[in-house]
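# Coordinate inspection notes
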Amino acid sequence: STSLSGSIAELGQSGLQGVEMAASDLNANGGVLGKKVKVVSADDNVDPATGSTNARNMILQDHAVALFGPVSSAVAAAEETVAAQYKTPIFFHTSNDASLLTTSFTKYAFQDVPNTTMEPRAVAAYLAKRAPGKQITVATFAPDYSFGHDSVTGFLDALKALHVNYKLVDQQFPQLGETNIAPYLSKLVAASPDYVYNAQYGGDLVTFTK
């Protein structure tokens, strides 16, 4: 169950292709424990309720023995609850909010991507080496939901922990999938930061980059 439509669909589609390719490789070598692997997929529409319904249907109707999580961390949190209820392993290969393995952790959840503590700390470490002692101005640009806010918090916490001399001059949190980011960009440009921490991804990152 993943995002197969909308602004972040490219990540969901490529993730599904990866799972399908892995299943094909496994089946070509005898499957898992002597059984062939069948992949069932559904679009979560970047909606937690839809993701939750998908996960429940896959477990109860399709008899899924494992789930592979979606792109959005908000949807992942909803699916994680269902997976725990039915004691079914769920693997997050794209959604990477650290809260998935801390605040809402269950023993059935696994995350195999850098999370919202690791990624922003790497950026902060870069800035610590780039401008030692010198004050820099920074701004942040991230989607307005759990992943975006947690990633930005992780970045600012890491700057403090690494003793980076910085001044925060602007923060923008457009909605995920927002097509008109001009007002947000205008404020960002007006703040004239030395560096921008951008936690966007998928189609939203393409829009920002253009």
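Below or above, wherever it landed, is the structure these notes cover. Keep in mind it's a predicted model, so treat the numbers as computed, not measured. (Residues numbered from 1 in each chain as written. Predicted model: local features only at pLDDT ≥ 70, side-chain atom pairs only at ≥ 80, totals over all residues. Heavy atoms only, no water.)

### Notes on the overall build of the chain
Looking only at helices and strands, the chain has seven helices and six strands in total. Helices (α) and strands (β) of the chain occur, in sequence order from the N terminus, as α-α-β-α-β-β-α-β-α-β-α-β-α. By its C-alpha atoms, the chain is 60 × 35 × 30 Å across when sized along the principal axes. Partitioning the intrachain contacts of the chain with sequence separation of at least 6 by distance along the chain shows that 62% fall at a separation of at least 24. Counting only carbon and sulfur atoms, one obtains 55% of the accessible surface of the chain, whose full area is about 11,000 Å². In the chain, 14 positive and 19 negative side-chain charges are present, and the distance between their average locations comes to 7 Å. (Helix = DSSP H or I, 4+ residues; strand = E, 2+ residues; numbered from the N terminus. Contact = heavy atoms within 4.5 Å. Areas by Shrake-Rupley, 256 points an atom, 1.4 Å probe, with all protein chains shown as cover. Lys, Arg positive; Asp, Glu negative; His and termini not counted. Charge placed at Lys NZ, Arg CZ, Asp CG, Glu CD.)

### Here's the deal with the sheet that holds strand 1 (residues 67-68)
Overall, parallel pairing links the three strands, which are arranged 1-2-3 in an open sheet. The open sheet terminates on both sides in strands that have one partner only, identified here as strand 1 and strand 3 (109-111). Judged from the three bridges that link them, strand 2 (residues 90-92) and strand 3 form a sheet pairing that is parallel. Across the sheet, phenylalanine 92 pairs through a bridge with glutamine 111, a residue of strand 3. (Pairing = 2+ DSSP bridges.)

### Brief notes about the environment of threonine 140
Residue placement: threonine 140 occurs in strand 4 (residues 136-141). Once the C-alpha coordinates of threonine 140 and valine 169 are considered, the two residues, 29 residues apart in sequence, prove to be 8.7 Å apart. Leaving out residues up to four positions away in the same chain, threonine 140 has contacts with Val152, Phe155, Leu168, Asp170, Gln171, Gln172, Leu188 and Tyr197.

### What about the packing of helix 4 (residues 118-130) against helix 5 (residues 146-161)?
Where helix 4 contacts helix 5, the axes come no closer than 8 Å and their chain directions differ by 35°. The element helix 4 and its partner helix 5 pack so that their crossing is right-handed. Listed contacts from helix 5 to Pro120, Arg121, Val123, Ala124 and Leu127 of helix 4 are Ser151, Gly154, Phe155, Ala158, Leu159 and Ala161. (Axes fitted to C-alpha atoms, helices over the stretch in contact; angles between N-to-C directions. Left-handed = near helix turned anticlockwise from the far one by under 90°.)

### Here's the deal with the packing of helix 2 (residues 48-60) against helix 3 (residues 73-85)
Packing of helix 2 against helix 3 brings their axes to within 8 Å, and their N-to-C directions diverge by 30°. Classified by the angle their axes make, helix 2 and helix 3 are roughly parallel. Handedness of the crossing formed by helix 2 with helix 3: right-handed. Here helix 2 contributes Pro48, Gly51, Ser52, Ala55, Arg56 and Ile59 to the contact with helix 3, which in turn contributes Ala74, Val75, Ala78, Glu79, Val82 and Gln85. Here the residues of the contact of helix 2 with helix 3 sort into seven nonpolar, three polar and two charged. (Parallel < 35°, antiparallel > 145°, perpendicular 65-115°, else oblique. Nonpolar A, V, L, I, M, F, W, Y, C, P; charged D, E, K, R; others polar.)

### Points about the sheet that holds strand 4
Sheet architecture is open: three strands sit in the order 5-4-6, paired in parallel fashion. Single-partner strands in this sheet number two, and they are strand 5 (166-172) and strand 6 (195-198). Between one strand axis and the next, the sheet turns by 25° as a mean value, whatever way the strands run. Relative to strand 5, strand 4 is paired through six bridges, and the arrangement is parallel. Its bridge partner being in strand 5, phenylalanine 141 is matched across the sheet by glutamine 172.

### Some points on a nonpolar patch on the surface
On the surface, a cluster of nonpolar side chains totalling about 320 Å² of accessible area is made up of Leu26, Val32 and Leu33. Given a relative accessible area of 39%, valine 32 falls into the partly exposed group. (Patch = residues over 30% accessible without salt bridge, like charges linked within 9 Å, V, L, I, M, F, W, Y side chains within 5 Å. Salt bridge = Lys/Arg side-chain N within 4 Å of Asp/Glu carboxyl O. Buried < 20%, exposed > 50% of the residue type's maximum accessible area, 1.4 Å probe, protein only.)

### Points about helix 1 (residues 9-28)
Compared with an ideal rise of 1.5 Å per residue, which puts 20 residues at 28 Å, helix 1 spans 28 Å between its outermost C-alpha atoms and is within 8% of the ideal. By the burial criterion, the buried members of helix 1 are Ala9, Gly12, Gly15, Leu16, Val19, Ala23 and Asn27. Taken down its axis, helix 1 places every buried residue within 130° of arc, on the same side. Residues of helix 1 that are exposed and angled more than 90 degrees away from the buried face: Glu10, Gln17, Met21 and Ala28. In this structure, the buried side of helix 1 is in contact with strand 1. Downstream of helix 1 by one or two residues, glycine 30 has phi in the positive range, about 100°. (Expected span 1.5 Å × (residues − 1). Arc of directions from axis to C-beta.)

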